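Working through the structure, step by step
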Amino acid sequence: MAGVELRQLRYFVAVAEELNFGRAAERLLIAGPSLSQQIKALERDLGVRLFDRDRRSVSLTPAGAALLPHTRALLEGAEDLKRRAARLSGSESVRLGYVNWLPPDLSSRTAAVARVHVDAWVAPSHTQAARVADGSLDLAVCWVRTEDLARLGLRARLIGADRLYAVARGGDSSDVPDVAARDVDVLIDDDVTSWASWNVYGEELAQATGARTVRISDGAITGPAFFDHVRRCTRPVVNSPKGQTSPLPSDLVRREIVAPKVYWTWSLVWRENEQRPGVLAVVDALCAGVGDLGLRAGDVWLPADDPHAHALGIWRAS
């Protein structure tokens, strides 16, 4: 038994499945005589005959039939060992895209399982999801709907969430009242190439909560021009996820949105047919222990097609 090799066991399984040495040899990409010799060597090492064969047919012996399921289990165990070793070695390269947010501890979480290369092209959510689908990226952190996942053949897990707030005129930030979602404005940009995801989100937010949409055409969903729109609007304006960490000018204040609290989720997406151990290990490493991120706190709004809303039991305004 000491001389048995994994490749001989693979040969045994191939012949058992084909019951034809010629077809098994073609499947294994080896010469027929070599396959026959390896099977004989395996039978010698095991001390049993595995096949009854003559010029017309090949069949499993009772011993061969009894050993076949155990052999398959051994081979599956060997493959599982290789996958686990690959995860531990961190040798696999994984390409990750994002929009504007990444977990701050990404490197420490993934160092042991893969070499994660963060893609330099920062693109909108719908673009990054499409790049994962076409194989340009292995993973992306982006905003998606269940509809997008089904259309692109992707899977998603919750990795982050931003509670959105409004920005309003007023320089005194010591006592700023909250604002109801129905009393805010949502900017919708004509540039659907850059702002497709935000526009879909903003339109649904307005429809669900009574917020008012304001059409713009200057790309000012974020940045200095956004603050100019706030100054022109008569109501507080919802700040997009891209502007969450931008410092406010001294004449503007932050107002918390309530009734309901408005959230934007970040999903980690990958192809539904993905089998590479490193990619799947990165998904587990980044999403393990994330929890509900406060989304179960009550009076929380997410879009109806948010892939995490149903799983978390999120309330939605009607």
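As a convention, each chain's residues are numbered from 1 in the sequence order in which they are written. pLDDT decides what is reported in this predicted model: residues at 70 or higher carry local features, side-chain atom pairs at 80 or more are listed and counted, and totals for whole chains, interfaces and linings draw on all residues regardless. Side-chain calculation: all heavy atoms of the structure are included, whereas hydrogens and water are not.

1. As for the overall build of the protein
Spelled out, the test is: Working definition: helices are DSSP H or I runs of at least four residues, strands are E runs of at least two. Numbering for both runs from the N terminus. Two things to know: the radius of gyration comes from C-alpha atoms, and the globule rule equals 2.2 Å times the number of residues to the power 0.38. Method for areas: the Shrake-Rupley scheme with a 1.4 Å probe, in which residue coverage is limited to the protein chains shown. Residues scored as charged are limited to Lys and Arg (positive) and Asp and Glu (negative), so that His and the chain ends carry no count. Where a charge sits is defined by one atom per residue type, namely NZ (Lys), CZ (Arg), CG (Asp) or CD (Glu).
Of regular secondary structure, the protein possesses eleven helices and 14 strands. For the protein, whose C-alpha radius of gyration is 29 Å, the value lies well above the compact-globule estimate of 20 Å for 318 residues. Based on the C-alpha atoms only, the size of the protein along its principal axes is roughly 90 × 35 × 35 Å. Within the structure as shown, the protein displays about 15800 Å² of accessible surface, and the carbon and sulfur contribution to it stands at 51%. Here the protein carries 39 positive and 40 negative side-chain charges, and the mean point of each set is 6 Å from the other.

2. Digging into unusual backbone geometry
Inclusion rule: Accessible area is worked out with a 1.4 Å probe on protein chains only. A residue is then buried under 20% of its type maximum, exposed over 50%, and partly exposed in between.
The omega torsion of the bond from A259 to P260 falls at 0 degrees, within 30 degrees of zero and hence cis. Tracing the chain through its elements places P260 in the loop between β12 (252–258) and β13 (261–271). One non-glycine residue with positive phi stands out, namely L29, at about 60 degrees. Take L29: it is sitting in the loop between α2 (21–28) and α3 (32–46). Even without glycine at this site, A259 takes up a positive phi of about 50 degrees. Its location among the elements puts A259 in the loop between β12 and β13. In this structure A259 comes out as partly exposed when scored by relative accessible area, which is 42%.

3. Here we look at the packing of helix α1 (residues 6–18) against α3
For any two helices packed against each other, one specifies the inter-axial angle together with the distance between the axes. For clarity, the threshold we go by: Lines fitted to the C-alpha atoms define the axes, with helices restricted to the stretch that makes contact. Angles between their N-to-C directions range from 0 to 180 degrees. An angle counts as roughly parallel when it lies under 35 degrees, as roughly antiparallel when it exceeds 145, as roughly perpendicular when it falls between 65 and 115, and as oblique in every other case. Here a residue-residue contact requires only that any non-hydrogen atoms of the pair lie within 4.5 Å. The nonpolar class holds Ala, Val, Leu, Ile, Met, Phe, Trp, Tyr, Cys and Pro. Asp, Glu, Lys and Arg form the charged class, and all remaining residues, Gly among them, are polar.
Two elements in contact, α1 and α3, have axes separated by 9 Å at closest approach and are oriented at 110 degrees. Taken together, the axes of α1 and α3 lie roughly perpendicular to each other. Here R7, Q8, L9, Y11, F12 and V15 of α1 lie close against α3, whose contacting residues are L35, Q38, I39, A41, L42 and D45. For the contact of α1 with α3, the residue count by class is eight nonpolar, two polar and two charged.

4. A look at the packing of aromatic side chains
Quick reminder of the rule: Note on aromatic contacts: the rings of Phe and Tyr and the six-membered ring of Trp form a pair at centre separations within 6.5 Å, being stacked when their planes are under 30 degrees apart, edge-to-face when over 60 apart, and tilted otherwise.
Within this structure, the stated rule accounts for eleven aromatic pairs. Here Y201 and W301 contribute two aromatic rings whose centre-to-centre distance is 5.4 Å and whose plane-to-plane angle is 75 degrees, an arrangement assigned as edge-to-face. Taken together, the residues Y201 in helix α8 (residues 192–209) and W301 in strand β14 (residues 300–301) connect sequence positions 100 residues apart. For the residue pair Y201 and W301, the accessibility class agrees, reading buried in each case. Seen in terms of ring centroids, F226 and F227 are 5.7 Å apart; in terms of plane orientation they differ by 65 degrees. Their pairing is edge-to-face. Taking relative accessible area as the criterion, F226 reaches 2% and is therefore assigned buried.

5. Brief notes about the environment of A63
Of note, A63 is situated in helix α4 (residues 62–89). Taking C-alpha positions, A63 is 8.6 Å from F51, a pair spaced twelve residues apart along the chain. Discounting chain neighbours no more than four positions away, the residues touching A63 are V48 and R49.

6. Thoughts on the confidence of the model for the protein
What counts is decided by this rule: Along the chain, pLDDT gives the predictor's confidence residue by residue, from 0 to 100.
A residue-level look at the protein finds 94% of positions with pLDDT of 70 or above and a mean pLDDT of 90. Averaged pLDDT values over the elements of the protein bottom out at 74 in helix α11 (residues 309–312) and peak at 98 in strand β5 (residues 139–142).

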